Amino acid sequence: MNEIVIAPSILSLDYSNVSAQLEELKASKAKWLHFDVMDGHFVPNLTFGPDILKGFKKACPLFMDVHLMVEDPKTYAPIFIQNGADLVTFHTEALDNDLSRIQGLLDEIHNLGAKGGIVVKPNTAIEPFESVLKSCDLVLVMSVEPGFGGQKFMADMLKKVEWLKEKRQELNLSYRIEIDGGINQDTYKSALDAGCDTLVAGSYVFKNDITKTIEGMLA
Ligand code: DX5
Ligand code: ZN
């Protein structure tokens, strides 16, 4: 069983008060930061480029979990790795769900010295990706449509988590299972019970007391 990790999503940071919140995160029980990269094409929103990642890593040297919501992850994965990404996840849909392209990008991420994994949107089944699981350090299940923080948790997505947990045992693998979207006081327990070991939480952490909210999910 992997250790439970909380990955606060900086998408919901209060950008009028960044330093104080990064100091609080550094002192908290969060070991990861979740960094959402959106290109305005793959999802209808725009966020951060590689220079911003570099600055965050310097100010708050936690494990950087970079979630690429971009049309061209093959171009951007290496750039984010050069700028501080410890783990990069990319959407299967951005590579037309093509297994050989997905395998190729996972191999490239590993060759660059980072950890890597796949992400699926709510309407994308997870079963077709069984053959690439052996190359994933983590599999990310979206429990909202990617693009925005603060949306409602889609409990149906826990079926994907349960399948990933069973497959991990059957195939004798050790990838982490991460969930992203709508994690809060009402939903985090069901995610852990289904088999998630890595919880992304944005609005829940940053709209409340950061330290206590993270500790509450680890209690
Ligand atoms: C949404 C992002 C999430 C987002 C989650 O596309 O991938 O990481 O920050 O926000 P909450 O936790 O508020 O649902
Ligand atoms: Zn995310």
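- Naming follows an unreviewed UniProt entry, where the protein chain appears as Ribulose-phosphate 3-epimerase of Holdemanella biformis DSM 3989.
- Recorded under Catalytic activity (unreviewed entry), the UniProt text for the protein chain is reproduced unchanged: "D-ribulose 5-phosphate = D-xylulose 5-phosphate".

Notes on the pairing of strand β5 (residues 115–120)
Working step 1: Extensive coverage of β5 is indicated by the burial of six of its six residues.
Working step 2: Of the two faces of β5, both are covered, the one formed by Lys115, Gly117 and Val119 as well as the one formed by Gly116, Ile118 and Val120.
Working step 3: As paired strands, strand β4 (residues 87–91) and β5 are joined by five bridges and run parallel to one another. Bridge assignment links Thr89 to a residue of β5, and that residue is Gly117.
Working step 4: Pairing of β5 with strand β6 (residues 138–142) involves four bridges; the strand directions are parallel. Considered in β6, the bridge of Gly117 is made with Leu138.

Quick look at the site of ligand 1
Working step 1: Among the 22 residues in the neighbourhood of ligand 1, the closest are listed as Ser9, Pro146, Gly149, Gly202 and Ser203.
Working step 2: If you list the elements that add at least two residues to the shell around ligand 1, you get β2 (32–38), β8 (198–201) and α7 (203–206).
Working step 3: Taken together, the residues of the shell around ligand 1 break down into eight nonpolar, twelve polar and two charged.

What to know about the environment of Val132
Working step 1: Relative to the helices and strands, Val132 resides in the loop between β5 and β6.
Working step 2: Placed 29 residues apart in sequence, Val132 and Val161 show a C-alpha to C-alpha distance of 16 Å.
Working step 3: Not counting chain neighbours up to four residues away, the residues in contact with Val132 comprise Leu99, Ile102, Gln103, Leu106 and Ile118.

Looking at the UniProt feature "active site" (unreviewed entry) in the protein chain
Working step 1: The UniProt entry lists Asp36 and Asp180 under the feature "active site" (unreviewed entry), expressed in the numbering used here. These residues run over 145 residues, yet every pair of their C-alpha atoms falls within 10.5 Å of each other.
Working step 2: The exposure class of Asp36 is buried, given the 24 C-beta atoms found within 10 Å.
Working step 3: Every residue in contact with Asp36, bar those within four places of it in the chain, is listed here: Ser9, Leu11, Thr47, His67 and Met69.
Working step 4: You can see Asp180 is positioned in strand β7 (residues 176–180).
Working step 5: Residue classification places Asp180 among the buried positions, given that 26 C-beta atoms sit within 10 Å.
Working step 6: Discounting chain neighbours no more than four positions away, the residues touching Asp180 are His67, Leu140, Met142, Ser143 and Val200.

Notes on unusual backbone geometry
Working step 1: With phi around 55°, Asp96 is a residue other than glycine that occupies positive phi space.
Working step 2: A positive phi angle, close to 55°, is found at Asn97, a residue other than glycine.
Working step 3: Considering the arrangement of structural elements, one finds Asn97 in the loop between β4 and α4 (99–111).

Section: the UniProt feature "binding site: a divalent metal cation" (unreviewed entry) in the protein chain
Working step 1: Annotation from UniProt places "binding site: a divalent metal cation" (unreviewed entry) at His34, Asp36, His67 and Asp180. Spatially, the listed residues are clustered: although they cover 147 residues, their C-alpha atoms lie within 10.5 Å of one another.
Working step 2: By the element assignment, His34 lies in strand β2.
Working step 3: Non-local contacts of His34, meaning those with residues more than four positions away in its chain, are made with Ala7, Pro8, Ser9, Ile10, Asp65, His67 and Val200.
Working step 4: Along the chain, His67 turns up in strand β3 (residues 63–69).
Working step 5: The exposure class assigned to His67 is buried, which follows from the 28 C-beta atoms found within 10 Å.

Describing the sheet that holds β5
Pairing between sheet strands relies on hydrogen bonds along the backbone, with the strands arranged either parallel or antiparallel.
Working step 1: Pairing is parallel in the open sheet, where eight strands are placed in the order β1-β8-β7-β6-β5-β4-β3-β2. Each edge of the open sheet carries a strand with a single partner, namely β1 (5–8) and β2. Between one strand axis and the next, the sheet turns by 20° as a mean value, whatever way the strands run.
Working step 2: For β1 and β8, the ladder comprises four bridges, and the chain directions are parallel. Each residue of the ladder has a partner; that of Ala7, found in β8, is Val200.
Working step 3: Contacts from helix α3 (residues 73–82) reach β2, β3 and β4, with the element oriented near 165° to β4.
Working step 4: Strands in contact with α4 are β4 and β5; relative to β5, the strand with the most contacts, it is inclined by about 150°.

Here is what the cut-offs are and how they apply
- Residues numbered from 1 in each chain as written.
- Chains lettered and ligands numbered in written order.
- Predicted model: local features only at pLDDT ≥ 70, side-chain atom pairs only at ≥ 80, totals over all residues.
- UniProt positions renumbered as here; feature names shortened; annotations may be inferred.
- Buried ≥ 20, exposed ≤ 12 C-beta atoms within 10 Å, placed from the backbone.
- Helix = DSSP H or I, 4+ residues; strand = E, 2+ residues; numbered from the N terminus.
- Pairing = 2+ DSSP bridges.
- Near = placed C-beta within 6 Å.
- Nonpolar A, V, L, I, M, F, W, Y, C, P; charged D, E, K, R; others polar.
- Contact = placed C-beta atoms within 7 Å.
- Axes fitted to C-alpha atoms, helices over the stretch in contact; angles between N-to-C directions.

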